[in-house]
Amino acid sequence: MSVQLLANILIGIALVAFLGYRQATWQYLDPTRIWRTPLVMAVVGVVVLTQTRSTITTTDVVLLGIEALVTVGVGLTMGSITRFRTVGTPDRKGRTIQSRTGALGAVLWIVLIAVRIGLDVLGGHLGAHLLTSTGTILLVLALNRAARALVIDGRIPRGDRRPSGMMVR
């Protein structure tokens, strides 16, 4: 196992553990923040990918396509299972809505990381080196977070019906 692959796995596990924890606990919901995270991860992922000196093979494209489908499916599911609650006392930013996905959200993170590691191992055996790059990992996680944000943005309880977040109704 290469040092880069090991570093990528550790970074991926740390990020997924952090995001899994945040999904399982009640967090104040900020409609703009749910879009900021995938945007930042995507930008950093693209920057890292531009520095990668790997050639793109058909195997890379196929495995990345499979991973994209799985990650979008998990993200859409996470968005649909998200629960909301309104708290009586706003936080220091004036937010009163909290959200979480609970234990099922944490399980979905485990599924996502298992698929990611499995495809990394398979890709390594098949010569798909782009799949194991840090930039690709960040882009895949950004895709997951964006799919989740898309569903959540449409489901946020808004008693006053004022437009907020990225999606204006």
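Residues numbered from 1 in each chain as written. Predicted model: local features only at pLDDT ≥ 70, side-chain atom pairs only at ≥ 80, totals over all residues. Heavy atoms only, no water.

*Asks:* Honestly, the sheet that holds strand β1 (residues 27–28) in this entry has me stumped. Any pointers?
*Replies:* In a beta sheet, neighbouring strands are held together by backbone hydrogen bonds and run either parallel or antiparallel to one another. Spatial ordering of the open sheet is given by β1-β3-β2, a layout of three strands whose pairing is antiparallel. The two strands at the open ends of the sheet, each matched to only one other strand, are β1 and β2 (83–86). In this structure, β2 lies alongside strand β3 (residues 97–100), joined through four bridges in antiparallel fashion. Bridged to phenylalanine 84 within β3 is serine 99. (Pairing = 2+ DSSP bridges. Helix = DSSP H or I, 4+ residues; strand = E, 2+ residues; numbered from the N terminus.)

*Asks:* Explanation requested: the pattern of salt bridges in the structure shown.
*Replies:* Any two side chains of opposite charge can pair, so long as their charged atoms come close to each other. For the structure shown, the criterion picks out three salt bridges. One salt bridge connects aspartate 91 with arginine 95, and the closest N-O pair in it is separated by 2.6 Å. What makes arginine 95 buried here is its relative accessible area of 18%. A single salt-bridge network, built from bridges that share partners, covers Glu67, Arg116 and Asp120. (Salt bridge = Lys/Arg side-chain N within 4 Å of Asp/Glu carboxyl O. Buried < 20%, exposed > 50% of the residue type's maximum accessible area, 1.4 Å probe, protein only.)

*Asks:* Would you explain a nonpolar patch on the surface in this entry?
*Replies:* The grouping of Ile13, Ile117 and Val121 at the surface amounts to a nonpolar patch, some 220 Å² of accessible area in total. Inspection of the secondary structure assignment puts isoleucine 117 in helix α4 (residues 102–126). Take isoleucine 117: its relative accessible area is 31%, and that puts it in the partly exposed class. (Patch = residues over 30% accessible without salt bridge, like charges linked within 9 Å, V, L, I, M, F, W, Y side chains within 5 Å. Areas by Shrake-Rupley, 256 points an atom, 1.4 Å probe, with all protein chains shown as cover.)

*Asks:* Where do I start with the side chain of threonine 136 in this structure?
*Replies:* For threonine 136, the location among the structural elements is in helix α5 (residues 134–155). When neighbours within four sequence positions are excluded, threonine 136 is seen to be in contact with Leu49, Leu64, Arg116, Leu130 and Leu131. (Contact = heavy atoms within 4.5 Å.)

*Asks:* Just checking my understanding: could you explain empty space enclosed by the protein for this structure?
*Replies:* Any space left empty among the atoms is revealed by the rolling of a water-sized probe across them. All chains considered together, the criterion is met by three cavities of 30 Å³ or more. Taken as a whole, the largest cavity encloses approximately 70 Å³ of empty space. Within the residue set of the lining of the largest cavity, elements represented by two or more residues are α1 (3–24), α4 and α5. Grouping the constituent residues of the lining of the largest cavity by class yields six nonpolar, one polar and two charged. Elements represented by at least two residues in the lining of the second largest cavity include exactly α1 and α4. (1 Å grid on protein atoms, 1.4 Å probe; cavity = no way out; pocket = protein on both sides within 12 Å on 5 of 7 lines; lining within 4 Å. Points joined across faces, edges and corners; volume = space filled by probe spheres on them. Nonpolar A, V, L, I, M, F, W, Y, C, P; charged D, E, K, R; others polar.)

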